[in-house]
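Structural characterization, general
Each chain is listed here by its residues.
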Amino acid sequence: MSPDRPTLTATPHNVGVDAAVAAARRVVTALLHAGDGSAAAMAEVASRLTAVAEHLEEHAPTRDERLVDMWAGEGVTRHDPVTGPENAVAPPLPLSGLPDGSIQGTVTLGLPYQGPPGCVHGGVSALLLDHTLGVANHWAGDSGMTGTLTLRYHRPTPLFEELTVRARQVSVEGRKIRTTGEILAGDAVCVSAEGLFVNKHLPRPR
Ligand SMILES: CCCCCCCCCCCCCC(=O)SCCNC(=O)CCNC(=O)[C@H](O)C(C)(C)COP(=O)(O)OP(=O)(O)OC[C@H]1O[C@@H](n2cnc3c(N)ncnc32)[C@H](O)[C@@H]1OP(=O)(O)O
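What counts, and where the lines are drawn
Numbers given for residues are sequential positions, taken from 1 along each chain in its written order. With pLDDT at 70 or above as the cut-off, local features in this predicted model cover only qualifying residues; side-chain atom pairs require 80 or more to be listed or tallied, and sums for whole chains, interfaces and linings still use all residues. Starting at the N terminus, helices and strands are each numbered in turn, a helix being any DSSP run of H or I of at least four residues and a strand any DSSP run of E of at least two. In a helix, the anticipated span is given by 1.5 Å times the number of residues less one. Partly exposed residues are those whose C-beta has more than 12 but fewer than 20 other C-beta atoms within 10 Å; 20 or more makes a residue buried and 12 or fewer makes it exposed, with C-beta atoms placed from the backbone. Once C-beta atoms have been placed from the backbone, residue pairs whose C-beta atoms lie within 7 Å are recorded as contacts. Strand pairing requires that DSSP identify at least two bridges connecting the strands. For helices, the axis comes from a line fit to the C-alpha atoms of the stretch in contact; other axes are also lines fit to C-alpha atoms, and the angle between any two N-to-C directions lies between 0 and 180 degrees. Here, nearness is defined through the C-beta atom: a residue counts as near a molecule or strand if that backbone-placed atom lies within 6 Å of it. Amino acid classes used here: Ala, Val, Leu, Ile, Met, Phe, Trp, Tyr, Cys and Pro are nonpolar; Asp, Glu, Lys and Arg are charged; the rest, including Gly, are polar.

Next up on the list: helix α4 (residues 122-140). End to end, α4 covers 27 Å across 19 residues, agreeing with the expected 27 Å (1.5 Å per residue, within 8%). Among the residues of α4, those classed as buried are Ser125, Leu128, Leu129, His131, Thr132, Leu133, Gly134, Val135, Ala136, Asn137 and Trp139. On its buried side, α4 packs onto β1 (96-97), β2 (103-108), β3 (145-153), β4 (162-173), β5 (176-185) and β6 (188-198). The positive-phi residue at the C-terminal boundary of α4 is Gly141, with phi of around 115°.

Next comes the structure, spelled out in structure tokens:
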């Protein structure tokens, strides 16, 4: 971690659930690459994946226990669908704080995130931006829930290329927090976002 670029999201471990989740992401991508035309023995693949799921389910805590556990830490989240190392849905997108108060991260998205041919799904872009704007608010000190998120899709966002996702808090007026952000491919802005967050927090499960 660079001292002038603090990491604002959980760092994945190479062991335990994080390592298993990294393998699961690889499986999701490999399945999509394989498709119906694959020569792989899909019935055997399905059987082995089902056995893995059953093993995990057998050894999991209850859902309520897990919810408490997920929210027990006071720092960054490990389970969210954008940055979380224990969430196989997350690409993941690691985020760092910049000296000017903004935050930024880079990510390369593959086939699981496709919308138009060869390009990122617009809803996935919205997910990345909503979360990044939210983390920018935490980093700035005033945070809340998304009230309104306005997106402009300037040009198709490419898969398989490094994207930069960045955001900054713009103003705080009473409970209303305004935040902006962008997704860029190289120097080109693909998607820009304006968010109106309202300072309100749901209680953590206990
Ligand atoms: C472990 C630590 C973790 C740290 C890192 C984690 C990072 C996580 C990042 C996660 C990121 C992901 C984030 C997520 O996924 S958040 C999940 C998605 N968002 C929601 O589910 C929110 C659902 N809505 C609500 O809960 C409430 O309606 C909110 C909270 C929005 C308002 O609440 P409340 O009912 O109490 O508000 P109020 O009526 O007293 O009005 C107050 C003021 O606000 C104005 N207003 C109200 N609504 C809207 C609106 N929709 N747009 C624009 N403005 C709105 C209103 O006019 C008034 O202004 P004024 O009249 O005073 O001028």
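From this point, the discussion proceeds with the structure in view.
Okay, the pairing of β4 next. Bridging between β2 and β4 involves six bridges; their strand directions are antiparallel. Residue pairing across strands places Val107 opposite Leu163, the latter belonging to β4. Once β4 ends, the chain turns through two residues before running back antiparallel as β5, passing Gly174 with a positive phi of about 60°.

Turning our attention to the sheet that holds β2. Within the open sheet, the six strands sit side by side as β1-β2-β4-β5-β6-β3. Their pairing is antiparallel. Every interior strand has two partners, whereas the edge strands, β1 and β3, have only one. In the sheet, β5 pairs with β6 via ten bridges, with the strands oriented antiparallel. Note on β6: the bridge partner recorded for Leu184 is Val189. The sheet contacts of α4 involve β1, β2, β3, β4, β5 and β6, and relative to β5 the element is tilted by about 130°.

Turning to the site of the ligand, a few remarks are in order. Neighbouring residues of the ligand: 18 residues in total, closest Gly134, Gly147, Thr148, Val198 and Lys200. Counting residues per element, the ones that place at least two in the shell around the ligand are α4, β3 and β6. Sort the elements by how many residues they give to the shell around the ligand and α4 lands first, with five residues. Of the residues assigned to the shell around the ligand, the class counts are five nonpolar, nine polar and four charged.

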